[in-house]
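Structure assessment
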Amino acid sequence: MGSTGIAKRISMSGVIGLVRAETLRSQVENMLRDAIATGTFAPGARLVERDLCERMGVSRTSVREALRKLEAEKLVQILPHKGPIVATMTKQKACEVYLVRALQEGFAAREFARVADDAALKQFDDAVVALRVSILAQDRNSVLSAKTRLYSTLLDNCGNVLIEQTLNSLYTRIILLRVTTLMQPDRLSASPCEIEELQKCIKARDEDGAELAARTHAGNARITAMRFIEAEES
């Protein structure tokens, strides 16, 4: 079924209204990105266009455009004679991404502790509570959602748009590893404590402490990711 057919069908329902082509493309991109993030499509898995079209009820054009966007985000690789697959990340690339993440996340935390208003602090507190609840429930999708909410609050209120854009790009790249590393037993137990240390420093307006806590958290996530990649490679 083409994108025009979907737009007409949704419009006739009288619930949402006309879906424009660019909106449909974004929906397909988000669906595929979420499927990768939650492990529905594992690293190295083939992404067969015909299968994706049937599963999502969209045209091949929409799928191809979405795959090109995800290729630009380094989530998809196009292999000769094989087609698109979910990208895999080497140990070297992952290490580089996590090291840069630690530096920039530390800066974002420092600035958040310095400039965030009371409303932003409340949002951060709520995100920490949601993360703790989801970790106790060991619900992978809820953990990912809570972690995304926490970082969105931090970046939206750190007062630096460039850092926000850069870190969001890095988070997109390590989405291939987050789904696995977040649910490792050692991270499930340690991560809430690390985040609560960050929360404590932010509430105290301790800029140095917030930066150190954020960098420590990212560094420990890097160690877990490296162990996972080593195990996969061996």
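Numbers given for residues are sequential positions, taken from 1 along each chain in its written order. Two thresholds apply to this predicted model, a pLDDT of at least 70 for residue-level local features and 80 or more for giving and counting side-chain atom pairs, whereas whole-chain, interface and lining totals are computed over all residues. Hydrogens are left out, water is left out, and the side-chain values use all remaining heavy atoms of the structure.

Points about the environment of T38
- Where helices and strands are cited, they refer to DSSP runs of H or I of at least four residues and of E of at least two residues respectively, numbered from the N terminus. When you line up the elements, T38 lands in the loop between α2 (21-37) and α3 (49-56).
- Burial classes follow relative accessibility: with a 1.4 Å probe on protein chains only, a residue under 20% of its type's maximum area counts as buried, one over 50% as exposed, and anything between as partly exposed. Since its relative accessible area comes to 18%, T38 is described here as buried.
- Residues T38 and L144, spaced 106 residues apart in sequence, show a C-alpha to C-alpha distance of 8.1 Å.

Brief notes about the pairing of strand β2 (residues 83-86)
- Here, strands pair whenever DSSP counts at least two bridges between them. Here strand β1 (residues 76-79) runs beside β2; their pairing, made up of four bridges, is antiparallel. Across the sheet, the residue bridging to L79 is G83, located in β2.
- With antiparallel pairing between neighbouring strands as the criterion, β1 and β2 make up a hairpin whose turn holds three residues, including H81 at a positive phi of roughly 65 degrees.

Brief notes about the packing of helix α7 (residues 140-156) against helix α8 (residues 161-173)
- Where α7 meets α8, the closest approach of the two axes is 10 Å, and the angle between their N-to-C directions is 160 degrees. It follows that α7 is roughly antiparallel to α8 by the angle criterion. Classified by chirality, the crossing of α8 by α7 is right-handed. In contact with Y151, L155 and D156 of α7, α8 contributes E164, L167, N168 and Y171. Inter-axis angles, ranging from 0 to 180 degrees, are taken between N-to-C directions of lines fitted to C-alpha atoms, where helices are fitted over the stretch in contact. Oblique is the label for every angle not falling under 35 degrees (roughly parallel), over 145 degrees (roughly antiparallel), or within 65 to 115 degrees (roughly perpendicular). The handedness criterion is simple: a crossing whose near helix is rotated anticlockwise from the far helix by less than a right angle is left-handed, and one whose near helix is rotated clockwise is right-handed. In what follows, a contact means two residues having at least one pair of non-hydrogen atoms within 4.5 Å.

Some points on α3
- Among the residues of α3, E49, L52, C53 and M56 are the ones counted as buried. For α3, the arc enclosing every buried residue in end-on projection is 100 degrees, short of the 170-degree limit, so these residues lie on one face. More than 90 degrees from the buried face of α3, the exposed residues found are R50, E54 and R55.
- Of the residues flanking the end of α3, it is G57, one or two places downstream, whose phi is positive at about 70 degrees. Picture the helix axis, draw a direction to every C-beta atom, and the arc is the one those directions span.

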